[in-house]
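Each chain, written out:
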Amino acid sequence: QVQLVESGGGLVQPGGSLRLSCAASGRTFSSETMGWIRQAPGKEREFVAAISWSATYYADSVKGRFTISRDSAKNTVYLQMNSLKPEDTAVYYCVARPFGVEVTTTAYAYWGQGTQVTVSS
């Protein structure tokens, strides 16, 4: 099993920035790909970004504003979110899978508990 613990959510004004962190523990070799999926109230879960050992991938809605990175020594993945918009408001889940990047939310076997991001003035 892989345990994922997120941190860094909160309330921010439109145009502001936040950085989310996710620390993995347990069978971390099963987390070849780590990423972020979000769910806004009343909406389906949406892929945001993911990073494997060889590639990164972003949803079109966040491309150019969000940056995903990984510290392998710390088994931690980060999501730097800039130019935040009200439509970015959601619970953000850290996810992992033992294979390459997938944009299908159901492809991820391991999920964190989620962290709330609210973008509002």
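Scroll up a little and you will see the structure.
Heads up: these notes are all about the structure in this document. Please read these numbers as outputs of a predicted model, since none were measured by experiment.

### Some remarks on the packing of aromatic side chains
What the rule picks out here adds up to two aromatic pairs. Seen from their ring centres, Phe47 and Tyr57 are 6.1 Å apart, and the 50 degrees between their planes marks the pair as tilted. Of this pair, Phe47 sits in strand 5 (residues 46–51) while Tyr57 sits in strand 6 (residues 56–58), and the two are 10 residues apart along the sequence. You can call Phe47 buried: its relative accessible area is 7%. Tyr57 sits in the partly exposed class, given a relative accessible area of 43%.

### Here's the deal with unusual backbone geometry
With a phi angle near 50 degrees, Asn75 is a residue other than glycine that sits in the positive phi range. Structurally, Asn75 is set in the loop between strand 7 (66–71) and strand 8 (76–81). One non-glycine residue with positive phi stands out, namely Ser83, at about 50 degrees. The topology assignment puts Ser83 in the loop between strand 8 and strand 9 (90–97).

Criteria and cut-off values
- Residues numbered from 1 in each chain as written.
- Predicted model: local features only at pLDDT ≥ 70, side-chain atom pairs only at ≥ 80, totals over all residues.
- Heavy atoms only, no water.
- Phe/Tyr/Trp six-rings, centres within 6.5 Å; stacked < 30°, edge-to-face > 60°.
- Helix = DSSP H or I, 4+ residues; strand = E, 2+ residues; numbered from the N terminus.
- Buried < 20%, exposed > 50% of the residue type's maximum accessible area, 1.4 Å probe, protein only.

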